[in-house]
2 protein chains.
Amino acid sequence: METPAFSIAAVERDTGLSKDVLRMWERRYGFPTPGRDANGERIYPPEQVEHLRRVKRLMDLGHRPGKLLAASPETLAALGPRRAAVREAEAGPEDEALAELLGLIKQHDAAAYQHAMQQRLARQGLQDFVQHTVAVLTRRVGTAWEDGSFEVFEEHLFTELTKRLLRQAIATLPGGARRPRIVLTSVPDEEHALGLLMVEALLALEGADCIPLGTQTPLQDIGRAADAHRADIVALSFSSAFPQRQIGALITQLQALLPGHTELWVGGDGVARVSAAERLRVLHSLDDTTAALRDWLATHG
Amino acid sequence: METPAFSIAAVERDTGLSKDVLRMWERRYGFPTPGRDANGERIYPPEQVEHLRRVKRLMDLGHRPGKLLAASPETLAALGPRRAAVREAEAGPEDEALAELLGLIKQHDAAAYQHAMQQRLARQGLQDFVQHTVAVLTRRVGTAWEDGSFEVFEEHLFTELTKRLLRQAIATLPGGARRPRIVLTSVPDEEHALGLLMVEALLALEGADCIPLGTQTPLQDIGRAADAHRADIVALSFSSAFPQRQIGALITQLQALLPGHTELWVGGDGVARVSAAERLRVLHSLDDTTAALRDWLATHG
DNA sequence: TGAGCTTTATTGTCTAGGACAAAAAGCGTC
DNA sequence: GACGCTTTTTGTCCTAGACAATAAAGCTCA
């Protein structure tokens, strides 16, 4: 079996580091040091790709590339989360139950996890389930990934199974005459679907008519969807991973595309620094969602 | 309201054309012709972005950029699908029912679509439902998009609602001792989830223990997942949109990462030209899926 | 000590134009 | 019409430079 050759495109795919960044680092920090093929194109040895993955992971934890690429591999291995870890030290019986749920994922017991979550949903009801189980678990998976106790594929499994639970729960909600009509989606490059589903569950519970477009709808098409569905509201989700700087411009552009009667609601960890404006509502937490909907119903009685 | 300014990154996001391609076209064909900001960076006027979107759409229909960018906008508007359209001219009562289902999506009546599909699922059973309803509808949505009778957001709505139906159906399948154990996912940049779900439904029906990781799992993590779950099989899906040239290398790399006892199965429209090999099975159609699983059970009795 | 402001360092994204190989089209032959 | 070969088309990769957004560091003041 030949050693797999990593082109710069393959490394970009595997590490999430853009081609520009990979070339820049090589120029600036002297790492990576890929070989060249017959055509002068970079070939990355597997070890360097692996190292780049570690570096990327530490960057996501708040470290800076300059230090990481200067440090020896051994120094690197010892590094942990660097960001001001605002861990809520809540340890009660509830907390223990949640830890057990995550334990099931870590043991890769999908069936047991689903079963336990179903039970929890039945006991808590959908609203509490979303706010006090799914939301908390999601945050906890994030921190677990940061401190290295969760692998990527474990997070994938968690996300996929939890998405199924929420979609199933949403599907069982009663139909009938519902308002307002809300188009739910995210912009291109924003693939985080879980937050969107949590919001959908809460909105549907309050009687909204939700039109889920999935993630990554181009802006123009969001506008057209709002028009075609005669949406009262378009709700977007931005995760904390989404580049902050782009959000403002995106919102402005989208507002220009929306029909005059359609409001824009934005939520998710990514919009913490966005401020509300004309026809723009910022949902800073899941509680805001329910409150916002009640406001809307009150003013559009 | 200021006119929204499109940076090259924004245009890439909106059109799906890479920055390299946008700059290359400008150089080579004289279009687009963006202005420049104070820093010399490209600013694209909204009309050009809109035109680029049309061009991209026509390219997806088989046209070539050289012609499209030389043609006048009026000529462009008249163009339709160009690819050898292998439309099966099946028009029976079944066909009419499917057309009605798509009609519901086009009328944006999500509730009616879900209801009709639920009924169909109950009548046909999951296997027929997947093979003769979902698979056919998916193909038809593809061609409808190509001939312009489906908008992007309508396709998004179709995909999202259909995903929900399948996930729900899968969830209701009985548990118990199941084999083989199959990890299902796709590689980074492959975000098509529907094919994966169809396969999962068929495999689960045959008694397999499916571990769904969602889409876009990095290769290393697919390997780790296979290991951690002691998977008998890893099943990957490649849509026709996935760059053909990368598939071969990806498969080779992934095989190197998989434990020795784990087989790799690949399916989807993207693998039509891939040929089977040691520990690699190519599923060219949904029927192959069921057959492959029965083979496996027979040889691993 | 800590909050807020200013300066400096770091880092990613953009620019230009050139080169080459993979894919598609065109063409000849069976 | 189906196959193999040649030419054209087209996307991706290359180098190397510039600048602005972000984070860190230094400073002032309460």
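Residues numbered from 1 in each chain as written. Chains lettered and ligands numbered in written order. Predicted model: local features only at pLDDT ≥ 70, side-chain atom pairs only at ≥ 80, totals over all residues.

Cross-referencing UniProt, the feature "domain: B12-binding" (unreviewed entry) maps to residues 179-301 of chain A in the present numbering. With 41% helix and 19% strand, the stretch residues 179-301 of chain A has end C-alpha atoms that lie 10 Å from each other. (UniProt positions renumbered as here; feature names shortened; annotations may be inferred. Helix = DSSP H or I, 4+ residues; strand = E, 2+ residues; numbered from the N terminus.)

What follows concerns the protein's contact with DNA strand C. As a structural note, the neighbourhood of DNA strand C is formed by 19 residues, with Arg 64 and Gly 66 of chain A together with Ala 9, Arg 42 and Arg 245 of chain B the closest of them. Elements with a contribution of two residues or more to the surface near DNA strand C: α2 (19-29) and α4 (65-70) of chain A together with α1 (8-15), α2 (19-29) and α12 (244-257) of chain B. For the surface near DNA strand C, the element with the most residues is α2 of chain A, which contributes three residues. Partitioned by chemical class, the residues of the surface near DNA strand C number five nonpolar, six polar and eight charged. (Near = placed C-beta within 6 Å. Nonpolar A, V, L, I, M, F, W, Y, C, P; charged D, E, K, R; others polar.)

Glancing now at unusual backbone geometry. Between Phe 31 of chain A and the following residue, Pro 32 of chain A, the backbone shows a cis peptide bond with an omega angle of 0°. Position of Pro 32 of chain A relative to the elements: it lies in the loop between α2 and β1 (35-36). Across the junction of Arg 179 of chain B and Pro 180 of chain B, the peptide omega takes the value 0°, indicating a cis bond. Looking at where Pro 180 of chain B falls in the secondary structure, it is placed in the loop between α9 (152-171) and β3 (181-185).

UniProt annotation of "domain: HTH merR-type" (unreviewed entry) refers to residues 5-62 of chain A when read in the numbering used here. The straight-line gap between the two end C-alpha atoms of residues 5-62 of chain A is 30 Å; of that span, 59% is helix and 7% is strand.

Glancing now at the protein's contact with DNA strand D. Taken together, 19 residues sit near DNA strand D, with Ala 9, Arg 42 and Arg 245 of chain A together with Arg 64 and Gly 66 of chain B positioned nearest. Sorting the residues of the surface near DNA strand D by element identifies α1 (8-15), α2 and α12 (244-257) of chain A together with α2 and α4 (65-70) of chain B as the ones contributing at least two each. No other element matches the three residues that α2 of chain B contributes to the surface near DNA strand D. Residues of the surface near DNA strand D, tallied by class, amount to five nonpolar, six polar and eight charged.

All right, on to the interface of chain A and chain B then. Between chain A and chain B, the residue contacts involve 37 residues of the former and 37 residues of the latter. Those elements that place two or more of their residues in the side of chain A that touches chain B are α1, α7 (110-124), α9 (152-171), β4 (209-212), α11 (219-228) and α12 of chain A. The biggest single contributor to the side of chain A that touches chain B is α9 of chain A, with ten residues. Residues belonging to the side of chain A that touches chain B are distributed by class as follows: 17 nonpolar, eleven polar and nine charged. (Contact = placed C-beta atoms within 7 Å.)

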